[in-house]
Amino acid sequence: MSDRSRLPPNDPRQYDELADEWWRPDGAFAMLHWLARARAALVPPATRPHALLVDLGCGAGLLAPHLAGKGYRHVGVDLTRSALAQAAEHGVTPVNGDATAVPLADGCADVVAAGELLEHVPDWRRAVAEACRLLRPGGLLVLDTLNDTVLSRLVAVEVGERLPTVPRGIHDPRLFVDDRALVAECARHGVDLRVRGVRPELRGTLRWLVRRIRGTGPSAGRAPRIRPTWSTAVLYQGRGVRLG
Ligand SMILES: C[S@@+](CC[C@H](N)C(=O)[O-])C[C@H]1O[C@@H](n2cnc3c(N)ncnc32)[C@H](O)[C@@H]1O
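A few points on the structure. (Residues numbered from 1 in each chain as written. Predicted model: local features only at pLDDT ≥ 70, side-chain atom pairs only at ≥ 80, totals over all residues. Heavy atoms only, no water.)

Attention now moves to the overall build of the protein. Along the protein, the regular secondary structure elements total nine helices and eight strands. For the protein, whose C-alpha radius of gyration is 17 Å, the value lies close to the compact-globule estimate of 18 Å for 244 residues. When its C-alpha atoms are laid out on the principal axes, the protein stretches across 50 × 35 × 35 Å. Within the span of the protein, comprising 244 residues, buried residues form 53% of the whole. The long-range share in the protein, meaning contacts at least 24 apart out of those at least 6 apart in sequence, stands at 73%. For the protein, the computed accessible surface area is about 11500 Å², with 56% contributed by carbon and sulfur atoms. (Helix = DSSP H or I, 4+ residues; strand = E, 2+ residues; numbered from the N terminus. Rg over C-alpha atoms; globule rule 2.2 N^0.38 Å. Buried < 20%, exposed > 50% of the residue type's maximum accessible area, 1.4 Å probe, protein only. Contact = heavy atoms within 4.5 Å. Areas by Shrake-Rupley, 256 points an atom, 1.4 Å probe, with all protein chains shown as cover.)

Written as structure tokens, this is what we have:
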């Protein structure tokens with residue numbers, strides 16, 4: 001048993017122990033790369049100079065390459081210093097802090113991103129309040145997270161954490177976020193959030209896994225795409241605008 005597996009589920013120290021995995025396309029965080037691409041696709045080009053995108057729980061900045069050319073200054077907030085150091089190498093301005101108490105001004109952000117963050121935060125409502133507080137009127141919130149359902153526990157933890165795309169023990173399913181509660185919480189803070197289910201494409205993911213298991217180099221092939229799906233029961237994206 002590795003030291004990491006002795007850490008409690010969702011213990012943030014796991015990210016330090018997995019620090020070398022962030023930027024490996026075939027590493028333990030592979031699916032975060034696929035999700036970052038899909039999240040960035042929800043972000044339009046900036047409409048004004050010096051537009052600011054605040055990336056809550058930015059990790060090692062996997063969103064950064066997908067925002068290239070869109071015209072944002074990319075500020076990343078994260079608890080994990082080892083991840084932030086890597087984010088800085090990819091052009092992200094690092095802020096070491098908690099997403100539930102962000103040291104940035106009200107209304108400073110044109111876009112707030114919270115990718116695969118809320119399901120790791122014991123008080124996710126507080127993180128949502130912070131995300132909404134940071135947005136200027138008309139600003140955009142984009143996020144993805146795991147739903148608080150039996151199916152989500154089965155797929156993301158029981159199955160997902162046994163596959164090489166999700167580190168084992170990285171989730172505490174008790175923190176998973178009900179989509180209707182999230183929409184209601186955003187509305188309370190002036191953000192009209194729309195959600196849709198997403199999932200990795202099946203054939204692409206199977207091909208990726210086979211290459212990975214055979215050791216033939218998954219990074220040689222195209223990374224699987226994240227596709228919309230009819231159900232929000234497992235993984236879902238949210239996109240919402242802060243009302244004026
Ligand atoms: C699953 S990773 C997602 C990273 C990144 N958003 C991505 O998609 O590549 C979760 C990240 O959230 C960070 N995190 C967890 N709880 C946090 C909190 N309360 N405040 C700030 N960051 C947090 C962790 O350190 C980790 O980098």
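Structure shown, so let's carry the discussion forward.
Moving on: a nonpolar patch on the surface. A cluster of nonpolar side chains, Leu-151, Leu-154, Val-155, Val-159 and Leu-163, forms an exposed patch at the surface whose accessible area comes to about 390 Å². Relative to the assigned elements, Val-159 resides in helix α7 (residues 150-159). (Patch = residues over 30% accessible without salt bridge, like charges linked within 9 Å, V, L, I, M, F, W, Y side chains within 5 Å. Salt bridge = Lys/Arg side-chain N within 4 Å of Asp/Glu carboxyl O.)

Among the 11 residues that make up helix α6 (residues 124-134), eight are buried, leaving the element largely enclosed by the rest of the structure. For α6, the secondary structure elements touched by its buried residues are β1 (51-56), β4 (109-115), β5 (135-146), α8 (179-188), β6 (191-200) and β8 (235-242).

It is worth spelling out the site of the ligand at this point. Taken together, 19 residues lie around the ligand, and Gly-57, Asp-78, Thr-80, Ala-99 and Gly-115 are the ones closest in. Contacts to the ligand include Arg-39, whose side-chain N or O atom sits 3.5 Å from an oxygen atom. At a separation of 2.6 Å, an oxygen atom of the ligand approaches a polar side-chain atom of Asp-78. Within the complex, 96% of the 600 Å² of free accessible area of the ligand lies under protein. Residues belonging to the shell around the ligand are distributed by class as follows: nine nonpolar, six polar and four charged. (Near = heavy atom within 4 Å. Polar contact = N/O pair within 3.5 Å; in protein donor to acceptor, adjacent residues only side chain to side chain. Nonpolar A, V, L, I, M, F, W, Y, C, P; charged D, E, K, R; others polar.)

Using the criterion set out here, one finds four aromatic pairs in the structure. On the numbers, 4.2 Å between centres and 25° between planes, the contact of Trp-22 with Phe-29 is stacked. Grouping aromatic residues by their ring pairs yields a cluster made of Tyr-15, Trp-22 and Phe-29. (Phe/Tyr/Trp six-rings, centres within 6.5 Å; stacked < 30°, edge-to-face > 60°.)

On to the pattern of salt bridges, then. All told, the structure shown has 18 salt bridges when counted by the stated rule. With its nearest N and O atoms 2.9 Å apart, the salt bridge here joins Arg-24 to Glu-21. Given a relative accessible area of 32%, Arg-24 falls into the partly exposed group. Using a relative accessible area of 19% as the deciding quantity, one classes Glu-21 as buried.

A separate point is helix α3 (residues 30-40). With nine of 11 residues buried, α3 lies mostly within the body of the structure. Every buried residue of α3 is accounted for by Ala-30, Met-31, His-33, Trp-34, Leu-35, Ala-36, Ala-38, Arg-39 and Ala-40.

The topology assignment puts Pro-122 in the loop between β4 and α6. Of the residues examined, Pro-122 reaches a relative accessible area of 69% and is grouped as exposed. Separated by 50 residues in the primary sequence, Pro-122 and Asp-172 have C-alpha atoms spaced 9.4 Å apart.

In sheet architecture, strand pairing relies on hydrogen bonds along the backbone and comes in two forms, parallel and antiparallel. As summarised here, the arrangement of the eight strands in space is β3-β2-β1-β4-β5-β8-β6-β7, forming an open sheet in which the pairing is mixed. On the outer flanks of this sheet lie β3 (93-96) and β7 (226-229), each paired with one strand and no other. Across the sheet, the mean angle separating the axes of adjacent strands is 25° when strand polarity is ignored. Sheet topology note: the β6/β8 ladder contains seven bridges and is antiparallel. (Pairing = 2+ DSSP bridges. Axes fitted to C-alpha atoms, helices over the stretch in contact; angles between N-to-C directions.)

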